[in-house]
Each structure stands twice: as structure tokens, then as C-alpha cells.
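Read off the chains here:
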Amino acid sequence: MVGVRLVGVWKRFGEVAAVKNMNLEVKDKEFMILLGPSGCGKTTTLRMIAGLEEPSEGQIFIGDKLVADLEKGVFIPPKDRDIAMVFQSYALYPHMTVYDNIAFPLKLRKTPKQEIEERVKEVAELLDLTELLKRKPRELSGGQRQRVALGRAIVRKPQVFLMDEPLSNLDAKLRVKMRAELKKLQRQLGVTTIYVTHDQVEAMTMGDRIAIINFGELQQVGSPDEVYNKPSNVFVGGFIGSPPMNFINTSITEDDTGVWADFGEFKLKFMEDQAEVLKENNLIGKEALFGIRPEDIYDAMFAQIKIPGENMVKAKVEIVENLGNEKIVHLRAGNITFLGSFHSESKVKEGQEVDVVFDMKKVHIFNKKTEKAIF
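Heads up: these notes are all about the structure in this document. (Residues numbered from 1 in each chain as written. Predicted model: local features only at pLDDT ≥ 70, side-chain atom pairs only at ≥ 80, totals over all residues. Heavy atoms only, no water.)

**Thoughts on the overall build of the chain**
Next, step 1: For the chain, the helix and strand inventory stands at 9 helices and 21 strands.
Next, step 2: Out of the 375 residues in the chain, the part that is buried amounts to 49%.
Next, step 3: Residue pairs at least 24 apart in sequence account for 64% of intrachain contacts in the chain once pairs closer than 6 positions are excluded.
Next, step 4: Accessible surface computed for the chain: about 18400 Å², of which carbon and sulfur atoms make up 49%. (Helix = DSSP H or I, 4+ residues; strand = E, 2+ residues; numbered from the N terminus. Buried < 20%, exposed > 50% of the residue type's maximum accessible area, 1.4 Å probe, protein only. Contact = heavy atoms within 4.5 Å. Areas by Shrake-Rupley, 256 points an atom, 1.4 Å probe, with all protein chains shown as cover.)

Shown next, in the form of C-alpha cells:
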């Protein structure tokens with residue numbers, strides 16, 4: 001049973017804190033994604049787990065073994081951490097055959113020749129590389145090179161895989177194929193895997209859980225469903241999802257009929273349970289940030305529930321982006337602009353006025369000062 005645990009981990013480069021007070025637990029056999037924009041600290045975090053960077057503060061455990069703790073003077077080098085790392089660049093030896101590239105870590109360990117042959121053959125079959133074992137890296141496609149890099153990591157039978165944007169050099173079609181292959185492979189091997197990416201589609205499709213990082217700080221850890229449907233703050237809500245969540249400033253008001261999000265140009269009525277949460281948080285009469293995903297705003301022609309004056313708004317269509325399976329519609333109601341994701345059969349056209357329906361069950365409210373989610 002081998003998980004990975006970071007306790008109060010910081011990494012400073014001079015005055016700059018690249019990773020701030022990181023507390024993260026990766027479970028045994030879990031596929032954990034570290035997700036965030038470029039420069040957010042996710043690769044630095046991975047490098048500290050690998051032993052390629054020393055934490056400025058805090059502790060890192062692999063299984064029950066403490067591998068880094070500056071205060072206690074503990075720093076286990078990468079070769080003794082029983083991890084394998086797969087890089088974006090593949091880092092293959094160009095003068096070696098595929099066989100020798102995969103076998104290299106075993107030769108370093110002075111593994112008996114017979115065992116090397118058996119393990120390389122086993123890995124080659126697993127990754128569909130058997131026919132390519134005599135080739136050099138220059139004779140391989142990008143996807144094949146990536147599989148060789150994976151083979152070199154797998155052959156060592158490590159306790160933990162660390163992957164730093166391993167698919168980013170592949171074309172879009174191959175990335176989709178390799179995403180599925182990697183996920184299937186990780187399930188077969190049952191090895192704890194930590195995977196760094198800035199691509200939210202990769203994160204949502206591959207991860208058991210996602211750790212979202214921004215400016216070196218952990219924002220939220222949860223399953224793809226949790227981070228999508230229950231974002232902990234404005235950053236997570238805006239970073240996950242494409243097109244991104246709509247954010248609109250609103251006033252929370254109450255009258256005899258219920259509690260409303262008042263935008264000036266129009267009003268939307270909250271559900272009863274939402275109204276209770278807003279009252280508990282003392283937000284009646286206050287400003288807040290209203291969030292709703294484009295797919296939760298419909299062309300009224302295709303909406304199942306539409307209540308004029310409660311969840312239906314008249315808006316002008318400014319731009320229609322036809323993606324085949326859906327239409328991304330840029331809408332304006334007075335001075336307020338927002339995106340809707342409409343049914344592919346919607347007949348909306350630029351310049352016309354349409355009734356749009358907000359699915360009030362799916363809205364999010366964020367505290368305007370702290371940017372933390374109320375619901």
C-alpha cells in the first residue's frame with residue numbers, strides 16, 4: 001500500500017514562493033491530477049515528490065517513508081524513492097534501440113540478463129511495442145516514442161509514477177487516444193500515479209481526483225464531478241469547464257414572493273433551499289457574484305421548465321458559434337452579457353431577440369470579497 005503525502009510543503013526560490021503550504025494526500029493506486037495554469041507550481045510540486053527539488057519547508061512521505069524534511073535533515077535522493085518519472089520531452093536515448101531504452105533502468109540496477117529480457121518483453125506486449133524493439137527513437141512516431149518512455153518507467157515496477165505533461169507534444173487526435181490508453185494502463189498496473197497538466201479535458205477524463213493549484217496554493221481537491229459541480233471558489237469555477245462559467249454581479253433581494261438575484265436589467269428567483277442558505281449567510285440586501293455555466297442557460301424552445309419572470313429572460317443574440325453538436329451563443333440583456341450553450345437544432349440567429357431560460361438548480365453564488373462559494 002503506497003500513497004504520497006505532502007504536509008505543509010513550501011518551495012521558495014529567493015523571495016518567490018512557488019508552492020505555499022501544500023497539504024495533499026494521494027491514495028494508494030489513485031490517479032491524481034495536478035491541474036492549474038502555467039507557472040502555478042504544479043511541476044515544482046511534482047519535482048519535490050520526485051526528489052529533483054528540495055522543499056524549503058514541510059514533509060513529504062512516500063508510503064510510510066519520510067523522504068524529505070529540511071528540519072530533520074532528511075532528503076532521500078530520487079534513485080532511492082522507488083518512483084518513475086515520465087517527462088513531456090520523452091527523454092529517450094537517440095543512439096539506443098527501443099529495447100535498450102526500455103531496458104536501461106534495469107541495466108543500471110545490474111538486473112540479471114534473463115530477467116531483463118523477460119520484463120522488457122512483458123512491457124513491450126503491454127504497450128504494443130514488440131514489433132518496434134529494434135528501431136531507434138528517430139524511426140518512431142510521437143505516440144510510439146511516448147509509449148517507449150512509458151515502457152521505461154513501467155519496467156522498473158516502481159511504487160509511484162510521476163508524469164509531467166506527457167501528452168502535450170502529441171497532436172489532438174493522438175492525445176485523445178493516449179488519454180484512454182494511459183488511464184487503462186494505470187488501472188491494469190494499479191500503480192499510484194501523479195499526473196501534471198494544464199489541460200482541463202485531460203484532468204476531467206483521466207483523474208480519479210483533481211488537485212487544482214493557482215499561484216502555488218491548493219484551491220480544491222475532489223473528483224471531476226465535485227470540482228465541476230461544486231467549485232470551492234471563483235477561480236475553480238472559471239478554470240474548469242469550456243466555455244467557462246458566466247460570472248455576473250448581482251444584488252440579493254427579498255420580497256413577498258421569495259428571494260431574488262437582481263441584476264438591474266432582469267431578476268431571477270432562487271429555489272427555496274438556496275434562499276435559506278442565502279439568509280443563513282446574511283446575504284439578503286447584499287452584493288454577490290452569480291455564477292452559471294453556459295450549458296445551464298437554454299433556448300426557451302428546448303427548455304423543459306420555463307417560468308416567465310422567474311427563470312426566463314429576454315436577450316439579444318450577438319454571436320452564434322456553431323460547433324455541430326451544440327451552439328455557443330453570445331447573449332446580451334441590457335448591459336449584461338453572458339454565454340449560453342444551445343441545442344444543435346436551435347434556430348437562433350445573430351441580431352434576433354430570444355427567450356432564454358436559466359436552470360436555477362445549477363446556479364452558484366460566491367462571496368464577492370473572499371470569492372469563496374456559498375453554494
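**Comments concerning the sheet that holds strand 6 (residues 74-75)**
Next, step 1: One open sheet accounts for 5 strands, arranged 2-1-4-5-6; its pairing is antiparallel. Looking at the sheet topology across the chains shown, the edges are occupied by strand 2 (16-26) and strand 6.
Next, step 2: The sheet contact formed by strand 5 (residues 65-69) and strand 6 spans 2 bridges and is antiparallel. Bridge pairing in strand 6 places Asp69 opposite Val74. (Pairing = 2+ DSSP bridges.)

**Some points on helix 1 (residues 42-50)**
Next, step 1: Among the 9 residues in helix 1, 7 count as buried, and that is most of the element.
Next, step 2: Downstream of helix 1 by one or two residues, Gly51 has phi in the positive range, about 95°.

**Examining the pairing of strand 7 (residues 83-86)**
Next, step 1: Residues Ile83 and Met85 line one face of strand 7 and the alternating positions Ala84 and Val86 line the opposite face, and both faces are buried.
Next, step 2: Pairing between strand 7 and strand 8 (residues 160-164): 4 bridges, direction parallel. Within the sheet, the bridge partner assigned to Ala84 lies in strand 8 and is Phe161.

**Focus: empty space enclosed by the protein**
Next, step 1: As enumerated under the stated definition, the model contains 1 cavity of 30 Å³ or more in all.
Next, step 2: Its boundaries defined by the atoms lining it, the largest cavity holds a volume of some 50 Å³.
Next, step 3: Surrounding the largest cavity, Phe31, Leu150, Ile154, Phe161, Met163, Leu182, Leu185, Gln186 and Thr193 form its lining.
Next, step 4: Counting only elements with at least two residues in the lining of the largest cavity, the list comes to helix 4 (142-154), strand 8 and helix 5 (172-189).
Next, step 5: The biggest single contributor to the lining of the largest cavity is helix 5, with 3 residues.
Next, step 6: Here the lining of the largest cavity is built from residues that sort into 7 nonpolar, 2 polar and no charged. (1 Å grid on protein atoms, 1.4 Å probe; cavity = no way out; pocket = protein on both sides within 12 Å on 5 of 7 lines; lining within 4 Å. Points joined across faces, edges and corners; volume = space filled by probe spheres on them. Nonpolar A, V, L, I, M, F, W, Y, C, P; charged D, E, K, R; others polar.)

**Section: the layout of surface pockets**
Next, step 1: Counted as a void, the largest pocket has a volume near 530 Å³.
Next, step 2: As for the largest pocket, its lining consists of 18 residues, of which Ile83, Ala84, Met85, Pro105 and Arg156 are closest to the centre.
Next, step 3: Elements that contribute at least two residues to the lining of the largest pocket include exactly strand 7, helix 2 (98-108) and helix 4.

**Overview of the packing of aromatic side chains**
Next, step 1: Applying the stated criterion to the full structure yields 11 aromatic pairs.
Next, step 2: Each ring, one from Phe247 and one from Phe366, has its centre 5.7 Å from the other, and the planes form 65°; the classification is edge-to-face. Here the residue Phe247 occupies a position in strand 12 (residues 246-255), and Phe366 occupies one in strand 21 (residues 364-366), the gap between them amounting to 119 residues.
Next, step 3: The partly exposed category is assigned to Phe247, whose relative accessible area is 30%.
Next, step 4: Classification of Phe366 as buried rests on a relative accessible area of 1%.
Next, step 5: Joined through ring pairs, the aromatic side chains of Phe263, Phe266, Phe290, Phe338 and Phe358 make up one cluster.
Next, step 6: Between Arg5 and the ring centre of Phe61, over which it is positioned, the NZ or CZ distance is 4.3 Å. (Phe/Tyr/Trp six-rings, centres within 6.5 Å; stacked < 30°, edge-to-face > 60°. Lys NZ or Arg CZ within 6 Å of the ring centre and 35° of its normal.)

By themselves these figures say nothing about function.
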